[in-house]
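# Chains, contacts and geometry: an overview
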Amino acid sequence: MRNVVVAGGTTGMGREIALHYLRQGARVTVIGSTPERGRAFLTDAEGLPGEAGFVAADLMSIAENRRVIAEVESRHEALDALVLTAMLPFLKRRETVDGLEATFVLYYLSRFLLSYGLTDLLERGETPIITNIGATGITKGAVQWDDLQSTRKYSVLKTILSGGRANDLLPIHYLQNHPDGRTKYFGVQPPFTRSGTNHLPQPFRTITRALGAVLAKSPAESVRDTLAVMDAQPGERLILRAVGMPVDPDLPTFDPANARRLYELTAPLIAESLRG
C-alpha cells in the first residue's frame, strides 16, 4: 500500500491528488485548517479502495507543524509522497502565534518543516517524492533578504513574490542537505485553477472569480500533469515544471548559494521562535 500525505488536501488540487491516490488503494492523510472540510473529504472518500485520514491543523504555527509530523509518524510507517499545497494571500500584514509573517510561513516555512521533518518516513518509501505546488518558473520578485518578515512597509504583492522565491529555493537546499537521499523534490507551477474563493480576502476573491470564469481550469484538469510526473517519475532528483513544461534549474531563482543562505537564516529563526 502506498502512503501519501497532502497538506492543504481538503480543497482544490490537493483534494484531487488525495482522491487520486485513494482510488489507487493508498493510505492517504490530508491536513487542513477547517474540520468541516475535513469531514466532507472523509465522506467523499467513503467507498474508495484506499484508507483516508484527516488531521486538523493551523500550518501557520510551528508547534502545529510539529504536531502534524508526529501524527503522520503515528499513522504511517513510510511515505511515498508528501504534497504541499497550502497557501493564502493576506491583504494586510498578519503575524502568527510565533511572531512571524503569515505569508512567509505558509509559502515557505511550513513547507520547510514538513519536508525536513518527514524525511525519515520518505526515505523508507518505495519511490519517495515531495511535490511542492507553487510558482515554479516565475522569476519576478526576489527574497526580501533584509526583511524576511515584511516588518517595514508591507506590500501584499512584494511579500507574496518573496515567499514564492523562498519556496523556489527550498528544493535546492533540501537536496543540498540530503545529497545521498532517495527522495525526489518536485517543484511545480500548475495552470490557473478554480480552487474556490471563499477563503480569499477581498479584492482577491472578486478578481479570482472573474478571471476563473474565463481562464481557469478545474482542479481535476490542473493536476493531470502533476500526477503524471508523480506516477512516472523521471530519473533526476530535482524536478521542475511550469504548466506541464520543464523549467531550467539554472535560472537565478534556483541559485545554490542563495539556497544555502536561506537555509542558514531559517534554522536559527525556527529555534528562536520555539524559545519565544
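From a predicted model like this one, the values you see are computed outputs, not experimental measurements.

Here is what the cut-offs are and how they apply
Residues numbered from 1 in each chain as written. Predicted model: local features only at pLDDT ≥ 70, side-chain atom pairs only at ≥ 80, totals over all residues. Heavy atoms only, no water. Axes fitted to C-alpha atoms, helices over the stretch in contact; angles between N-to-C directions. Helix = DSSP H or I, 4+ residues; strand = E, 2+ residues; numbered from the N terminus. Parallel < 35°, antiparallel > 145°, perpendicular 65-115°, else oblique. Left-handed = near helix turned anticlockwise from the far one by under 90°. Contact = heavy atoms within 4.5 Å. Phe/Tyr/Trp six-rings, centres within 6.5 Å; stacked < 30°, edge-to-face > 60°. Buried < 20%, exposed > 50% of the residue type's maximum accessible area, 1.4 Å probe, protein only. Core = buried A, V, L, I, M, F, W, Y, C linked by side-chain atoms within 4.5 Å. Pairing = 2+ DSSP bridges. pLDDT = per-residue confidence, 0-100. Salt bridge = Lys/Arg side-chain N within 4 Å of Asp/Glu carboxyl O.

Next up on the list: the packing of helix H3 (residues 62-75) against helix H4 (residues 102-117). If you want to describe how two helices pack, look at the angle between their axes and the distance between the axes. Contact geometry of H3 with H4 gives a least axis separation of 10 Å together with a crossing angle of 30°. Judged on the interaxial angle alone, H4 and H3 are roughly parallel. Pair H3 / H4 crosses with right-handed handedness. Every residue of H4 that contacts H3 at Ile62, Asn65, Arg66, Val68, Ile69 and Glu73 is listed here: Leu109, Ser110, Leu113, Leu114 and Gly117.

Enumeration over the complete set of coordinates arrives at seven aromatic pairs. Taken together, a centroid distance of 5.2 Å and an interplanar angle of 70° make the contact between Tyr116 and Tyr174 edge-to-face. One end of the pair, Tyr116, is in helix H4; the other, Tyr174, is in helix H6 (residues 156-177), and 58 residues separate them in sequence. Grouping residues by exposure puts Tyr116 and Tyr174 together as buried. Ring pairing ties together the aromatic residues Phe104, Tyr108, Phe112, Tyr116, Tyr174, Tyr185 and Tyr263, which thus form one cluster.

Before going further, it helps to spend a moment on the nonpolar core. Judged by nonpolar contacts, the single largest core of 52 residues is most densely connected at Ile31, Val68, Leu82, Leu106, Tyr108 and Leu109. Only strand E1 (3-7), H3, strand E4 (81-84), H4, helix H5 (119-123), H6, strand E7 (238-242) and helix H10 (256-275) provide two or more residues apiece to this core. When residues of this core are assigned to their parent elements, the largest contribution, 11 residues, is made by H4. Discounting residues that sit within four places of it in the chain, Ile31 has contacts with Val5, Val6, Ala7, Gly8, Gly9, Phe54, Val55, Ala57, Leu59 and Val68.

The strand order E3-E2-E1-E4-E5-E6-E7-E8 describes an open sheet built from eight strands, whose pairing is mixed. Two strands close off the open sheet at either side, each with one partner strand: strand E3 (51-56) and strand E8 (245-246). Strand direction decides the pairing type here: E4 and strand E5 (residues 129-133), joined by four bridges, are parallel. Across the sheet, residue Leu84 finds its bridge partner in E5, namely Asn132. Here helix H2 (residues 35-45) sits on the sheet in contact with strand E2 (27-32) and E3, set at roughly 180° to E3. Across the sheet, H6 lies against E5, strand E6 (184-189) and E7, angled at about 170° from E6, the strand it touches most.

A word on the confidence of the model for the protein. Summarising the model, the protein shows a mean pLDDT of 91, and 89% of its residues fall at 70 or more. Per-residue pLDDT stays below 50 along residues 210-214; that stretch engages in four contacts with residues further than four places along the chain or on separate chains.

On inspection of all chains with the given rule, the structure shows 11 salt bridges. Taking the shortest distance from any N to any O, the salt bridge between Arg15 and Glu16 comes out at 3.9 Å. Residues Arg93 and Glu95 are paired through a salt bridge, measuring 3.1 Å at the closest nitrogen-oxygen approach. Here Arg93 falls in the partly exposed class, since its relative accessible area comes to 29%. Among the charged side chains, a network of salt bridges with common partners joins Arg15, Glu16 and Asp44.

Between helix H1 (residues 12-23) and helix H9 (residues 224-231), whose axes approach to 11 Å, the crossing angle comes to 45°. Taken together, the axes of H1 and H9 lie oblique to each other. The two elements H1 and H9 meet at a crossing, and its hand is right-handed. For the pair H1 and H9, contact is made by Ile17, His20 and Tyr21 and by Thr226, Leu227, Met230 and Asp231, respectively.

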